[in-house]
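Reading the structure
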Amino acid sequence: MAEIPATSQLKRRIRSFVRREGRLTPAQQRALDVLWPRYGLTPEIPLQPQAVYPGSAPLILEIGFGNGESLVQMAATYPQFNYLGIEVHRPGVGHLLLELEKRGLDNVRVYCADAVEVLETAIGAELCQRINIFFPDPWPKKRHHKRRLIQPAFVALLAEKLQPGGILHLATDWPDYARHMRAAVATCPRLVSTDVTARIPPRPQTKYERRGRRLGHPVTDLAYRRL
Ligand SMILES: C[S@@+](CC[C@H](N)C(=O)[O-])C[C@H]1O[C@@H](n2cnc3c(N)ncnc32)[C@H](O)[C@@H]1O
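Predicted model, so just to flag it, every value in this text is computed and none were measured.

Procedures and definitions
- Residues numbered from 1 in each chain as written.
- Predicted model: local features only at pLDDT ≥ 70, side-chain atom pairs only at ≥ 80, totals over all residues.
- Heavy atoms only, no water.
- Near = heavy atom within 4 Å.
- Polar contact = N/O pair within 3.5 Å; in protein donor to acceptor, adjacent residues only side chain to side chain.
- 1 Å grid on protein atoms, 1.4 Å probe; cavity = no way out; pocket = protein on both sides within 12 Å on 5 of 7 lines; lining within 4 Å.
- Sits in = over half its atoms within 2 Å of the grid points.
- Nonpolar A, V, L, I, M, F, W, Y, C, P; charged D, E, K, R; others polar.
- UniProt positions renumbered as here; feature names shortened; annotations may be inferred.
- Buried < 20%, exposed > 50% of the residue type's maximum accessible area, 1.4 Å probe, protein only.
- Helix = DSSP H or I, 4+ residues; strand = E, 2+ residues; numbered from the N terminus.
- Pairing = 2+ DSSP bridges.
- Axes fitted to C-alpha atoms, helices over the stretch in contact; angles between N-to-C directions.
- Parallel < 35°, antiparallel > 145°, perpendicular 65-115°, else oblique.
- Contact = heavy atoms within 4.5 Å.
- Points joined across faces, edges and corners; volume = space filled by probe spheres on them.

Some thoughts on the site of the ligand
The local shell around the ligand holds 18 residues, among which Ser16, Glu87, Asp114, Phe134 and Thr206 are the closest. Between a nitrogen atom of the ligand and a main-chain N or O atom of Gly64, the distance comes to 2.8 Å. At 2.6 Å from an oxygen atom of the ligand is found a side-chain nitrogen or oxygen belonging to Thr206. Of all the cavities here, the one that holds the ligand is the largest pocket. Counted by class, the shell around the ligand contains nine nonpolar, five polar and four charged residues.

Structural data, given as structure tokens:
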């Protein structure tokens, strides 16, 4: 008779996303087929920046980059940094790859996977100078709040991946999520609030942010420094 796994093994972690893939355009499919070997990384292999980027530079991570608009804009404006993106939505990753190719950018690498898994398996401690998470899904219904990406355990994981003095930059257009973010970060003694206006490099406007602003949502930026 087949062995029955323990309940703890059966219990699935609550994810911050639901895979509703949507259709890949032919160009996005081509990008995933052809450009992935150039820009894509796999979570099973621990990241060694010196092996995957052309030059050594401080590393800036963006989690949940959507269609990659802000990531591409920052990477083009600040070639003195290396950028790392993590996103689960394949059409968004395809879109990013096309933009990277179009602009000839080589300081960006990408994971198409759950950020929690990537951080746990591939990203070493104190590897990042900044971590940006812009407009993560708000999961507005109370019963879905447990799906929000920013939770105390995840914040602790982010703090571990930041260098001392490194910055965690969060943005949301949902006041309730901003409160939730502040409370989640407050549980982490390694992170202290810092002046968001002193952020370098500044944050470009994102696609999701434009939508929020059109609907009249107030945008909150939060920045924290790793002790
Ligand atoms: C509301 S969208 C915002 C996208 C983009 N940052 C913007 O502002 O336009 C949130 C994004 O986070 C991604 N996401 C959610 N949970 C994730 C996770 N655990 N790992 C990687 N990406 C995630 C979603 O697929 C989605 O593209």
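Digging into the UniProt feature "binding site: S-adenosyl-L-methionine" (unreviewed entry) in the protein chain
Under the present numbering, the feature "binding site: S-adenosyl-L-methionine" (unreviewed entry) in UniProt falls on Glu62, Glu87, Asp114 and Asp137. Spanning 76 residues, the annotated positions come together in the fold, the maximum distance between their C-alpha atoms being 14.4 Å. Of the annotated residues named above, the ones that line the largest pocket are Glu62, Glu87, Asp114 and Asp137. A residue is classified by how much of its surface remains accessible, and Glu87, at 9% relative accessible area, is buried.

Quick look at the pairing of strand 8 (residues 220-226)
Within strand 8, six of the seven residues are buried, leaving the element largely enclosed by the surrounding structure. The pairing of strand 6 (residues 162-172) with strand 8 spans six bridges and is antiparallel. Counted as the bridge partner of Ile167 is Arg225 from strand 8.

Comments concerning the packing of helix 2 (residues 26-34) against helix 6 (residues 90-103)
Contact geometry of helix 2 with helix 6 gives a least axis separation of 8 Å together with a crossing angle of 75°. Classified by the angle their axes make, helix 2 and helix 6 are roughly perpendicular. Between helix 2 and helix 6, the residues in contact are Ala27, Gln28, Gln29, Arg30, Ala31 and Leu32 and Arg90, Pro91, Val93, Gly94, His95, Leu97, Leu98 and Glu101, respectively. Its residues assigned to classes, the contact of helix 2 with helix 6 comprises seven nonpolar, four polar and three charged.

Section: unusual backbone geometry
The phi dihedral of Phe135 is positive, around 60°, even though this residue is not glycine. As for its placement among the helices and strands, Phe135 is situated in the loop between strand 5 (128-134) and helix 8 (152-161). You will see that Trp139, though not glycine, has its phi angle at about 40°, which is positive. As for its placement among the helices and strands, Trp139 is situated in the loop between strand 5 and helix 8. Residue classification places Trp139 among the buried residues on the basis of a relative accessible area of 16%.

A short note on the sheet that holds strand 8
Judged by pairing direction, the sheet is mixed, and its eight strands sit side by side in the order 1-4-3-2-5-6-8-7 without closing on themselves. Of all the strands in the sheet, the pair left with one neighbour each is strand 1 (40-41) and strand 7 (191-193). Both strand 5 and strand 6 contribute to a ladder of six bridges, which runs parallel. Counterpart to Arg130 in the pairing with strand 6 is Ile167. In this fold helix 8 packs onto strand 2 (59-63), strand 5, strand 6, strand 7 and strand 8, with an angle of close to 135° to the strand it touches most, strand 6.

Some points on the UniProt feature "binding site: substrate" (unreviewed entry) in the protein chain
Under the present numbering, the feature "binding site: substrate" (unreviewed entry) in UniProt falls on Lys141, Asp173, Thr206, Lys207, Tyr208 and Glu209. On the basis of their most widely separated C-alpha atoms, the annotated residues across 69 residues do not gather in one place, lying as much as 23.3 Å apart. The subset of these annotated residues that lines the largest pocket comprises Thr206, Lys207 and Tyr208. By secondary structure assignment, the location of Thr206 is in the loop between strand 7 and helix 10 (207-214).

Observations regarding the layout of surface pockets
In this model, the largest pocket occupies a volume close to 1,000 Å³. Forming the walls of the largest pocket are 36 residues, and the residues nearest its centre are Gly64, Gly66, Glu87, His89 and Asp137. Listed by contribution, the elements that provide at least two residues to the lining of the largest pocket are strand 2, helix 5 (69-77), helix 6, strand 5 and helix 10. Considering only residue class, the lining of the largest pocket consists of 16 nonpolar, ten polar and ten charged. Counted as a void, the second largest pocket has a volume near 280 Å³.

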